[in-house]
Amino acid sequence: MQTLPTPPSGSVQIEDDRTGLSIETLKRAFLDNLFYIQGKFPALASKNDYYMALAYTVRDRLLRRWLNTAETYTNTQARTVCYLSAEFLMGPHLGNNLINLGIYDQINQAMTELGLDLNELLQQEEEPGLGNGGLGRLAACYLDSLATLEIPALGYGIRYEFGIFDQEIRDGWQVEITDKWLRYGNPWEIARPDWAVEVKYGGHTESFIDEHGNYRVRWVPFKVVKGLPYDTPILGYKVNTANTLRLWSAEATESFDFGAFNSGDYFGAVHQKSNSENISKVLYPNDEQYQGKVLRLEQQMFFVSCSLQDMIRILQMQNMSLEKFPEKFSVQLNDTHPAIAVAELMRLLMDEHGMQWDNAWNITTRTFGYTNHTLLPEALERWPLKLFSELLPRHIEIIYEINRRFLDDVRIKFPDDPGRLSRLSLIDESGEKYVRMANLACVGSSAINGVAALHSELVKQTVLKDFYDMYPEKFTNVTNGVTPRRFVVLSNPRMTSLITSKIGDNWIKHLDELRRIEQFADDPGFRYEFRQIKQAIKQDLANHIKSETDVEVDPSSLFDIQVKRIHEYKRQHLNALHIIHLYNRIKANPSAEITPRTFLFGGKAAPGYYMAKLIIKFINSIGEVVNRDPDVAGRLKVVFLKDYNVKFAQRVYPAADLSEQISTAGKEASGTGNMKFSMNGALTIGTLDGANVEIREEVGAENFFLFGLTTEEVAAKKAAGYRPIDYYESNNDLRQVIDRIASGFFSHGDTGLFRPLVDNLLHKDEYLLLADYQSYIDCQEQVSQAYRNWDHWTRMSILNTARMGKFSSDRSIRDYCQNIWKVQPVPIELKDYTQS
Ligand code: Z57
């Protein structure tokens with residue numbers, strides 16, 4: 001695709017309908033798409049037909065930018081970031097593309113003139129939920145910022161047929177429903193069958209001497225699977241750059257089908273076909289809980305191999321030598337899920353392209369960067385050696401050789417230190433043998449980063465300490481960020497207009513400029529408007545809650561919100577203990593002065609995570625009692641909203657007064673929801689964990705509700721032999737809370753239902769809820785007092801929004817570009833194909 005052909009003359013009208021932005025053109029284009037793509041006339045069209053017609057109308061307006069971008073990158077051989085991630089939690093595309101194209105208002109008017117409601121059409125989109133939580137959503141924010149900053153970039157991942165399950169709540173328990181997101185078609189993607197590649201699995205290797213006398217290896221696989229790329233355009237905000245998200249879908253290879261068909265094994269051939277297609281069938285729904293399943297390793301190998309082969313194809317198409325690989329591409333490993341890329345690039349360079357080890361290793365290590373996202377031991381990927389070797393017989397040989405050479409280097413730097421050697425080894429040989437993916441990622445990368453300042457320090461002191469001793473120069477921090485386009489402009493149009501009316505709209509691309517609204521924090525008029533907006537959004541959410549759950553919540557109560565994956569370390573149950581504490585206070589003294597609060601929860605539990613599912617049931621059970629107790633008289637409401645996803649997140653963040661960020665210190669690598677809340681003017685109650693530390697630094701300690709033990713104090717307490725029961729015994733209030741649960745009060749008298757939870761807290765309490773309990777309760781009391789002075793609360797709220805500039809993902813991406821990727825912007829000039 002060096003030059004695009006000149007369009008035939010007479011196509012001007014058609015091009016105009018596909019690019020034009022006037023209201024009349026948009027309306028005509030919309031009706032045209034409804035007719036020619038959906039095959040419907042208005043009387044028969046469903047809401048979904050209208051959504052699809054609008055989506056195609058918008059996609060048409062992206063295509064010129066997308067093709068111009070690809071053409072420019074090709075012609076300039078631009079240095080490109082490749083972001084390898086097993087998850088991309090994109091959320092709905094339509095609204096975001098309207099914002100980034102700058103045509104939200106025009107489309108809104110065009111739809112209104114056609115008698116349609118844009119908001120309803122936006123709600124119609126089935127979001128691509130190809131991720132679990134923070135890690136997948138971070139990848140999506142980074143794609144937005146890369147495009148906005150005009151950085152050449154490709155996102156590479158898997159086109160799961162089923163994304164994260166839909167969550168229903170039945171009798172207070174989570175029920176998982178398959179996410180058939182492709183059911184009605186996906187207007188945002190284009191299949192690229194001509195760029196399909198093959199991926200090998202199993203079998204054995206053979207060595208031979210080639211015609212130059214070099215030792216070479218041939219891999220004879222047991223099966224071969226075809227990877228088909230599907231491309232989605234990722235448009236930057238008010239720029240012409242449209243980068244690509246390239247997701248791979250697995251298919252059977254024809255050659256294999258033919259072999260089986262020819263031998264008369266019809267059933268076997270079809271079976272083989274469906275087997276291959278299983279690889280991209282479903283996203284593993286565990287967040288921070290590693291599961292050593294072969295299919296998961298097959299998935300990782302699948303998208304990594306497809307993506308690296310694709311990079312080599314791009315390089316060769318641009319007539320660049322393989323030696324130039326690390327200059328053309330900077331490849332980021334989003335956690336260890338794609339870490340097999342280190343061995344796979346070695347294999348491709350040596351076995352498929354005839355390169356020698358030293359050269360291939362030099363290229364490989366200059367190519368990769370590795371981002372660590374967690375310190376939790378249960379999240380660290382280790383593949384049983386046997387399973388790994390059977391699936392990837394060539395890669396295990398390469399890993400052994402990397403390891404042999406690496407351990408020689410270690411011996412030179414640290415002589416006579418066998419403990420260090422066994423800790424650094426790519427193979428865990430302490431019992432059953434494992435391949436350690438984090439070790440492979442560290443050895444094979446030139447940069448290693450954590451995702452918040454505290455986390456990056458802890459990475460160096462704990463999980464990757466030995467690697468830090470070995471290669472201190474590789475380690476850096478890049479604090480996470482989130483895109484203000486989706487999480488402020490799109491989610492919170494009212495606050496966006498207010499801010500823009502005061503300081504213009506430059507802040508949307510330069511979030512530091514939000515500081516300019518600080519000067520209005522003491523302006524009574526501005527405060528009033530800021531507060532009115534929050535109130536209106538809370539009313540909207542209250543209406544939504546009423547329609548979803550039939551619970552009535554008071555929009556003037558304090559909206560206290562915790563939305564995130566359910567995990568014991570995130571301590572949703574500490575939040576629940578506080579609710580019970582307030583409830584007990586009211587029961588003991590029905591006229592007690594309690595600041596009215598609405599507690600909102602949302603989040604999915606991994607289907608196999610028993611304790612997380614019990615926490616969901618626990619919250620719902622508390623709600624059942626509290627919401628209908630007349631003594632409470634509407635002062636407390638507890639709502640668990642089902643199926644928390646990106647679409648719902650966009651509704652929730654702007655409606656929050658209080659953001660719950662209450663993980664045990666040292667456990668949450670960064671958190672990103674914390675940033676989205678604060679940008680939308682919520683105050684945070686939080687521990688000194690992850691990015692909370694930096695958020696507090698930015699917004700000011702006086703505008704942040706801090707509680708709990710520090711990371712060091714947590715470690716010290718554990719080292720001293722933590723006994724949660726001591727807290728229970730010495731704290732009357734805490735004891736009453738726990739006893740209420742144990743008595744069956746929230747479980748219709750059943751004392752068994754929550755016993756696992758209670759027993760765990762009293763006798764194990766790995767996440768120190770009881771140690772932090774009193775500090776949390778006291779801090780919540782300060783929150784309640786503060787909320788009574790709405791003028792001061794609103795001031796704090798404005799200052800939170802004003803000081804969140806640092807947490808734009810644009811800043812994160814600039815950090816990556818400067819310190820790790822060494823890549824520069826390549827602005828895209830819009831060519832008008834209609835002027836021929
Ligand atoms: C995931 O969502 C995160 C880390 C993981 O290792 C896996 Br697996 C999934 C999260 C962290 O828990 C958050 O603290 C962090 O903000 C997010 O990744 C993005 O870095």
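Treat the numbers as computed from the prediction; the structure is a model and nothing was measured.

What counts and what doesn't
- Residues numbered from 1 in each chain as written.
- Predicted model: local features only at pLDDT ≥ 70, side-chain atom pairs only at ≥ 80, totals over all residues.
- Heavy atoms only, no water.
- Domains from an automatic or database assignment.
- Contact = heavy atoms within 4.5 Å.
- Buried area = accessible area lost by both parts, 1.4 Å probe.
- Salt bridge = Lys/Arg side-chain N within 4 Å of Asp/Glu carboxyl O.
- Polar contact = N/O pair within 3.5 Å; in protein donor to acceptor, adjacent residues only side chain to side chain.
- Helix = DSSP H or I, 4+ residues; strand = E, 2+ residues; numbered from the N terminus.
- Buried < 20%, exposed > 50% of the residue type's maximum accessible area, 1.4 Å probe, protein only.
- Pairing = 2+ DSSP bridges.
- Axes fitted to C-alpha atoms, helices over the stretch in contact; angles between N-to-C directions.
- Phe/Tyr/Trp six-rings, centres within 6.5 Å; stacked < 30°, edge-to-face > 60°.
- Lys NZ or Arg CZ within 6 Å of the ring centre and 35° of its normal.
- 1 Å grid on protein atoms, 1.4 Å probe; cavity = no way out; pocket = protein on both sides within 12 Å on 5 of 7 lines; lining within 4 Å.
- Points joined across faces, edges and corners; volume = space filled by probe spheres on them.
- Nonpolar A, V, L, I, M, F, W, Y, C, P; charged D, E, K, R; others polar.

A.B. asks: What is the right way to read the domain arrangement of the protein chain from this model?
C.D. replies: Interface size, as often reported, equals the accessible area lost upon joining of the parts. Under the domain assignment, the protein chain is made up of domain 1 (1–76 + 93–125), domain 2 (77–92 + 127–479) and domain 3 (484–807). Each of domain 1 and domain 2 has a C-alpha centre, and these two points are 34 Å apart. On the side of domain 2, 34 residues touch domain 1, which itself brings 26 residues to the contact. Summing both partners gives a buried area of about 2,600 Å² for domain 1 against domain 2, and 60% of it is carried by carbon and sulfur. Among the residues of domain 1 in contact with domain 2, Trp66, Tyr73 and His93 are the three that bury the most area, contributing 34% of the side total. The interface formed by domain 1 and domain 2 includes 0 salt bridges. Inspection of the region where domain 1 meets domain 2 yields 15 residue pairs in polar contact (both at pLDDT 80 or more). Listed by contribution, the elements that provide at least two residues to the side of domain 1 that touches domain 2 are α3 (47–76) and α4 (94–101).

A.B. asks: How should the pattern of salt bridges be read in this particular structure?
C.D. replies: Pairing is possible between side chains of opposite charge, provided their charged atoms come close. Here the structure, examined in full by the defined rule, presents 67 salt bridges. Residue Asp469 pairs with Arg420 through a salt bridge whose shortest N-O separation is 3.1 Å. Highlighted residues: Asp469 in helix α19 (residues 465–470) and Arg420 in helix α16 (residues 418–424), separated in sequence by 49 residues. Residues Asp629 and Lys587 are paired through a salt bridge, measuring 2.7 Å at the closest nitrogen-oxygen approach. With a gap of 42 residues between them, Asp629 in the loop between α24 (610–628) and β22 (636–641) and Lys587 in helix α23 (residues 572–588) connect regions that are remote in the sequence. For Asp629, a relative accessible area of 12% translates into the label buried. Among the residues examined, Lys587 registers a relative accessible area of 29% and is labelled partly exposed. Residues joined in a network through salt bridges with shared partners are Asp358, Glu401, Arg404, Arg405, Asp408 and Arg411.

A.B. asks: I keep staring at the sheet that holds strand β17 (residues 434–436) and nothing clicks. Help me out?
C.D. replies: Backbone hydrogen bonds are what pair the strands of a sheet, in a parallel or an antiparallel way. With respect to topology, 3 strands assemble into an open sheet ordered β15-β17-β16, the strand pairing being antiparallel. The sheet is open, and its two borders are formed by β15 (382–384) and β16 (427–428), each paired with just one other strand. Both β15 and β17 contribute to a ladder of 3 bridges, which runs antiparallel. Paired with Arg382 across the strands is Arg436, a residue of β17. In this fold helix α17 (residues 437–444) packs onto β15 and β17, with an angle of close to 40° to the strand it touches most, β17.

A.B. asks: What exactly am I supposed to notice about the packing of aromatic side chains here?
C.D. replies: When we look at a pair of aromatic rings, we describe it by the centre distance and by the angle of the planes. As enumerated under the stated definition, the model contains 25 aromatic pairs in all. With centroids separated by 6.2 Å and ring planes inclined at 85°, the aromatic side chains of Tyr644 and Phe648 adopt a geometry described as edge-to-face. In this pair, the class of Tyr644 matches that of Phe648, namely buried. With centroids separated by 5.9 Å and ring planes inclined at 50°, the aromatic side chains of Tyr722 and Tyr727 adopt a geometry described as tilted. The buried category is assigned to Tyr722, whose relative accessible area is 14%. One Lys or Arg, Lys538, reaches over the ring of Phe559 and ends 4.8 Å from the middle of that ring.

A.B. asks: I tried to follow empty space enclosed by the protein on my own but got confused; where do I start?
C.D. replies: A probe as big as a water molecule, rolled over the atoms, marks out the empty space that is left. Applying the stated criterion to the full structure yields 9 cavities of 30 Å³ or more. Of the voids in this model, the second largest cavity is the one considered here, and its volume is about 140 Å³. Contributing to the lining of the second largest cavity are 13 residues, with Met90, Asn96, Asp144, Ile234 and Arg486 lying nearest its centre. Listed by contribution, the elements that provide at least two residues to the lining of the second largest cavity are α4, α7 (134–148) and β11 (223–235). A class-by-class count of the residues in the lining of the second largest cavity yields 5 nonpolar, 5 polar and 3 charged. Each of domain 1 (1–76 + 93–125) and domain 2 (77–92 + 127–479) contributes no fewer than three residues to the lining of the second largest cavity.

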